[in-house]
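Geometric and topological summary
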Amino acid sequence: MLASNLPTQVSIFEVGARDGLQNETTVSIENKITLIEQLAAAGVNRIEAASFVSPKWVPQMADSGNILRQIKRQQGVVYSALTPNLKGLELALDAGADEVAIFGAASESFSQRNINCSIDESIARFEPVMALAKERHIKVRGYVSCVLGCPYEGEINITEVARVSEILYKMGCYEISLGDTIGVGTPLKARKMVEAVANLVPVEQLALHFHDTYGQALANIQACLETGVSVIDSSVAGLGGCPYAKGASGNLATEDLVYMLHGMGIETGIDLQKLARAGNQISQVLGRTTGSKVAQALTV
Ligand code: HMG
Ligand code: MG
């Protein structure tokens, strides 16, 4: 730790190929694979590459199995996948996912819209996922959505965020990623929320997953870094959003996060120029300018 209580290193969990591209209908499997391989070449060593959800609900992710089978894997890189239920886990294992993630919510309405069941029902569905993952020695990450607000319910009580986080942690998730799904949080609220969760789940096991809809993500992350959190989810070029949270924009752009962290003397192991090139290329495929301010400023 530095004198200011900031971590000296942050582990970046890249979600662009999943959280980002789950919203895009026009990206070919070749372009997805290129993105994932370029991210690994830029030094990103945790990449969420796939999502084994219902193809009727999210057809954009229907090629997940082939993506995991076809990518050229780089040593030391963990390629992970979302798995909402046992069927998802079986498909992910079959395709060779290194690690998987279950995803719950701190909001009943969001849980219903996103995964078609209540919070309690989702926990019951996760039990067999955890059991099989344990048997196969596969690590499971746990997401909690709507930690700073819900598109259907508005304010969310942080006690509920802490409760759901603790349940997922006690079920065996090695890391709990706290999702500001619609990016409505502000720094002091974000920090209070993390502190409330950290009373029940060790702070070393927490990650921040902040969408940047209101442009608050970097400020929120900076406020939370002082609590001791050192894992941050982000999305190259700021890709994405959530199909069940209308108006939600992408996560914080990884390029912007890396620039800020490096500027604060915090290591990430990522080559910013290579990362920005990867982000610019996928943005070109999508026919739009990168959502990263840093990538716009850099000439790569
Ligand atoms: P359901 O309809 O309640 O499930 O969906 P079901 O068990 O009744 O099954 C219905 C059909 O789906 C059956 O097929 C199943 O076989 C099939 P049919 O008999 O009708 O032909 N099915 C599956 N197929 C493939 N893979 C599966 C699977 N499961 C069932 N895993 C379910 C429940 C969870 C599957 C559905 O609601 C779903 O897929 N939801 C998608 C939700 C989603 O992908 N949301 C976006 C990701 S979460 C997110 O972005 C937030 C996050 O970033 C954090 C944050 O920002 O806060 C993580
Ligand atoms: Mg998300």
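Everything below is about the structure shown above.
Residues numbered from 1 in each chain as written. Chains lettered and ligands numbered in written order. Predicted model: local features only at pLDDT ≥ 70, side-chain atom pairs only at ≥ 80, totals over all residues. Heavy atoms only, no water.

Regarding helix α6 (residues 119–135)
Rules: Secondary structure is summarised from DSSP: a helix means a run of H or I of at least four residues, a strand means a run of E of at least two, and numbering begins at the N terminus for each. In a helix, the anticipated span is given by 1.5 Å times the number of residues less one. Should any heavy atoms of two residues lie within 4.5 Å, those residues are counted as being in contact.
Relative to the 24 Å expected for 17 residues at 1.5 Å per residue, α6 spans 25 Å between its end C-alpha atoms, a close match to the ideal helical length. In this structure, the buried side of α6 is in contact with α4 (86–95), β4 (99–105), α5 (108–115), β5 (139–145) and α7 (158–171). Remark: histidine 137 follows α6 within two positions and exhibits a positive phi of approximately 55°.

Topic: helix α9 (residues 217–225)
Test applied: For every residue, the accessible area (1.4 Å probe, protein chains only) is compared with the maximum for its type, and the residue is labelled buried under 20%, exposed over 50%, or partly exposed between those bounds.
Of all the residues in α9, the buried ones are Ala217, Asn220, Ile221, Ala223, Cys224 and Leu225. At its buried positions, α9 is contacted by β6 (175–180), α8 (187–198), β7 (206–210), β8 (231–234) and α10 (254–263).

Quick look at the state of the cysteines
The line we're drawing: The rule for a disulfide is simple: a pair of cysteine sulfur atoms within 2.5 Å.
Taken as a whole and assessed by the stated rule, the structure comprises zero disulfides. Just so you know, cysteine 146 is unpaired, no disulfide at all, and the nearest cysteine sulfur is the one on cysteine 150, 4.3 Å from it. Free cysteine cysteine 173: the closest other cysteine sulfur is in cysteine 117, separated by 15 Å. When its relative accessible area of 2% is taken as the criterion, cysteine 173 is described as buried.

Regarding the site of ligand 1
Put simply, the test is: Whether a residue is near a molecule or strand is decided by its heavy atoms; if any one of them lies within 4 Å of it, the residue is near. Each polar contact in these results corresponds to two N or O atoms within 3.5 Å; when the atoms are within protein, one needs to be able to donate a hydrogen and the other to accept it, and residues that are neighboring in sequence are counted only if both atoms are side-chain atoms. Note on areas: Shrake-Rupley with a 1.4 Å probe; residue coverage comes only from the protein chains shown.
Taken together, 29 residues lie around ligand 1, and Ser54, Asn114, Asn116, Ser145 and Thr181 are the ones closest in. At 3.0 Å from an oxygen atom of ligand 1 is found a side-chain nitrogen or oxygen belonging to aspartate 19. Between ligand 1 and the protein, one listed contact pairs an oxygen atom with a side-chain N or O atom of lysine 56 at 2.9 Å. Protein chains shield 77% of the accessible area of ligand 1, which is 1100 Å² for the free molecule. Listed by contribution, the elements that provide at least two residues to the shell around ligand 1 are α1 (16–20), α4, α5 and β5. Counting residues per element, the shell around ligand 1 draws most heavily on α4, at three residues.

Some remarks on the pattern of salt bridges
The following threshold applies: Between Lys or Arg on one side and Asp or Glu on the other, a salt bridge is scored when a side-chain nitrogen of the former is within 4 Å of a carboxyl oxygen of the latter.
A full pass over the atoms with the stated rule returns 14 salt bridges. In this structure, the salt-bridge partner of glutamate 155 is lysine 189, at a minimum N-O distance of 3.6 Å. Separated by 34 residues along the polypeptide, glutamate 155 in the loop between β5 and α7 and lysine 189 in helix α8 bring together distant segments of the chain. Judged by its relative accessible area of 66%, glutamate 155 is exposed. One salt bridge in this structure joins glutamate 226 and arginine 191, with 3.1 Å as the shortest N-O distance. Taken together, the residues span a long stretch of sequence, with glutamate 226 in the loop between α9 and β8 and arginine 191 in helix α8 at a distance of 35 residues. Residue arginine 191 is classed as partly exposed on the basis of its relative accessible area, which comes to 26%. By sharing partners, the salt bridges in this structure join Arg46, Arg141, Glu175 and Asp233 into a single network.

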